Amino acid sequence: MATDIFASANLAGIRLNNRILRSATDETEADDKGFPTEKLTKRYIALAKGEIGGIITGFMGVSEKGKAQQPGMLLIDNDEKIPAFSKMVAAVHDAGAPVIAQIAHCGSNGAYGKEFKVDKITAKQLEEISRQFIDAVIRAKKSGFDGVQLHFAHGYFLSQMISPATNHRRDDWGGSEEKRFHIADVIIKGIREQLPDYPVLVKINGEDDDKNGIHPREAVRISQRLEAVGVNAVEVSRGISFMKHMGPMYGHFPAEMSLAWYPGVKELPGFVKSMMKPGMPKMMGSIDPAPRKYNVDVAKKIKSAVHIPVIAVGGIHDLEEIESTINVDGIDFVSMSRPLILEPSLIQKYKQGRQTTAKCMECNHCGIGISQGRLQCWYGKIPSEINR
Ligand SMILES: Cc1cc2nc3c(=O)[nH]c(=O)nc-3n(C[C@H](O)[C@H](O)[C@H](O)COP(=O)(O)O)c2cc1C
Ligand code: SF4
């Protein structure tokens with residue numbers, strides 16, 4: 001019998017309203033110390049009222065040093081944050097949705113990138129970062145989050161540690177596949193010692209989109225290892241943020257928006273930009289039209305090799321795409337990001353039969369927009385305040 005995608009469902013002990021999650025989306029709406037703001041809470045309440053199954057927060061840094069290049073990242077880096085996060089989580093619970101905290105360190109892809117080259121960092125620093133992840137998870141639990149998701153995807157620190165493209169260490173923390181997994185082992189076992197039953201999810205890349213990186217076969221083995229050390233569910237994504245094919249957004253590269261808005265590029269002289277513009281989409285691996293359900297094949301491989309729930313993300317936007325991922329491809333849950341930026345109540349619209357397709361046109365302007373701390377739908381337009 002077909003699964004009712006709108007019926008409530010259990011994910012790793014978390015009661016979801018339905019089988020559709022909001023995938024982590026950096027809202028860039030924390031204050032300058034990484035505390036959650038009223039604006040952010042309102043965004044989550046809108047998603048909850050729009051009958052989302054559950055919300056995975058935008059990535060939250062384990063330390064100031066682990067923060068993103070773009071401003072406005074949440075930091076769950078000390079106990080002073082617990083009352084503010086508790087207040088936010090309680091408000092979202094009241095509005096009707098569970099909340100999962102995505103925990104991350106941006107590594108060499110972050111604001112302090114030079115200090116976090118995977119091959120150069122010391123073992124002592126790696127122990128310290130592992131400890132920061134464990135402490136952040138404990139804080140998330142104390143703040144009332146329904147669970148956590150460790151961010152092992154998109155080329156951030158843990159993704160770089162686990163990927164053969166970036167981890168060439170010759171010590172206990174790298175080299176072989178087993179040793180590249182060591183940091184996951186240390187963090188997850190450390191969490192389990194203190195919180196044996198707390199829901200811990202992991203977001204991984206099923207495909208790094210780098211010839212030396214993670215490909216589906218290794219992603220399957222990583223998922224099996226994650227299950228063995230006590231992870232409760234995996235979300236399958238792909239790509240390296242702000243890189244080829246728009247990384248996890250895997251599709252159209254918005255050259256004009258990048259030239260107008262992306263730091264380090266927008267400052268270039270006009271004539272240089274005009275010369276760059278025609279070749280940029282090709283150079284950045286733009287794919288048009290955007291592929292559908294582009295991580296589902298890997299998610300299926302993982303699903304057949306593990307016993308924990310699998311979540312697929314990426315180009316699963318329309319009602320039919322959600323239905324078929326769950327009922328034909330046999331994936332447990334789906335998640336989405338971009339369509340919910342434009343339409344936070346999309347799932348309610350689907351449920352009430354008011355709509356069957358998402359309005360998001362996958363222009364990826366929102367992906368560039370956050371580079372300056374603005375999460376909104378630009379719908380293929382260049383922000384009007386830009387003087388071009
Ligand atoms: C503006 C924006 C911010 C994002 N921030 C995060 C993030 O903080 N953590 C994360 O794991 N993925 C992040 N992603 C990736 C999404 O979670 C998702 O994997 C990707 O957009 C593909 O899903 P979609 O086709 O439903 O948009 C972000 C995506 C966008 C567009
Ligand atoms: S800017 Fe709007 S239409 Fe474009 S990808 Fe983002 S949410 Fe979709």
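None of the values given here were measured: they were computed from a predicted structure. (Residues numbered from 1 in each chain as written. Chains lettered and ligands numbered in written order. Predicted model: local features only at pLDDT ≥ 70, side-chain atom pairs only at ≥ 80, totals over all residues.)

### Section: the overall build of the protein chain
Stated precisely, the cut-off is as follows: Runs of E in the DSSP output that reach at least two residues are strands. Runs of H or I that reach at least four are helices, and both are numbered from the N terminus. The atom set for the radius of gyration is the C-alpha atoms, and the globule formula is 2.2 Å times the number of residues raised to the power 0.38. Labels follow a simple rule on C-beta atoms placed from the backbone: if 20 or more others lie within 10 Å of a residue's own, it is buried; if 12 or fewer, it is exposed; otherwise it is partly exposed. Working definition of a contact: two residues with C-beta atoms, positioned from the backbone, lying within 7 Å.
In terms of regular secondary structure, the protein chain is built from 15 helices and twelve strands. Here the C-alpha radius of gyration of the protein chain, 20 Å, is about what a compact globule of 388 residues would show, namely 21 Å. Projected onto its principal axes, the C-alpha positions of the protein chain cover 55 × 55 × 40 Å. Within the span of the protein chain, comprising 388 residues, buried residues form 53% of the whole. Within the protein chain, contacts between residues at least 6 apart in sequence are counted, and of these 74% link residues at least 24 apart.

### Quick notes on the site of ligand 1
We apply this condition: In this entry, near means the residue's backbone-placed C-beta atom lies within 6 Å of the molecule or strand. When residues are grouped by polarity, Ala, Val, Leu, Ile, Met, Phe, Trp, Tyr, Cys and Pro land in nonpolar, Asp, Glu, Lys and Arg in charged, and all others, Gly among them, in polar.
Ligand 1 sits among 24 residues. The nearest are Ser23, Ala24, Met336, Ser337 and Arg338. Within the shell around ligand 1, the residues separate by chemical class into ten nonpolar, eleven polar and three charged.

### A few points about the domain arrangement of the protein chain
Put simply, the test is: Domain start and end points were adopted from an automatic or database domain assignment.
Domain annotation of the protein chain identifies domain 1 (9-252 + 289-372) and domain 2 (256-286). For domain 1 versus domain 2, the separation of C-alpha centres amounts to 29 Å. The interface is formed by eight residues belonging to domain 1 together with eight residues belonging to domain 2. Of the residues in the side of domain 1 that touches domain 2, the class split is one nonpolar, six polar and one charged.

### What to know about the environment of Val118
Residue position: Val118 is located in the loop between β7 (99-104) and α3 (123-142). Of the residues examined, Val118 has 23 C-beta atoms within 10 Å and is grouped as buried. Sequence spacing of Val118 and Glu320 is 202 residues, and the spatial spacing of their C-alpha atoms is 41 Å. With residues near it in sequence (within four places) discarded, Val118 still touches Ser108, Gln160, Met161, Thr166 and Asn167.

### Here we look at the packing of helix α7 (residues 216-228) against helix α11 (residues 296-303)
Note the cut-off: A fitted line through C-alpha atoms represents every axis, and for helices the fit uses only the stretch in contact; the resulting angles, taken between N-to-C directions, go from 0 to 180 degrees. What sets the label is the angle itself: under 35 degrees gives roughly parallel, over 145 gives roughly antiparallel, 65 to 115 gives roughly perpendicular, and the rest give oblique. Handedness of a crossing is defined here by the sense of rotation of the near helix relative to the far one, left-handed for an anticlockwise turn of less than a right angle and right-handed for a clockwise turn.
The geometry of α7 relative to α11 is characterised by a closest axis approach of 9 Å and an angle of 40 degrees between their N-to-C directions. Taken as axis vectors, α7 and α11 run oblique relative to one another. When you trace α7 past α11, the crossing you get is right-handed. Contact with α7, carried on its side by Pro216, Ala219, Val220 and Ser223, involves Val298, Lys301 and Ile302 of α11 and no other residues of that element. The residue inventory of the contact of α7 with α11, partitioned by class, reads five nonpolar, one polar and one charged.

### With respect to the environment of Arg221
By the secondary structure assignment, Arg221 is in helix α7. Taking the number of C-beta atoms within 10 Å as the measure of exposure, Arg221 has 16 and is therefore partly exposed. As for Arg221 and Val200, which are separated by 21 residues in sequence, their C-alpha atoms are 18 Å apart.

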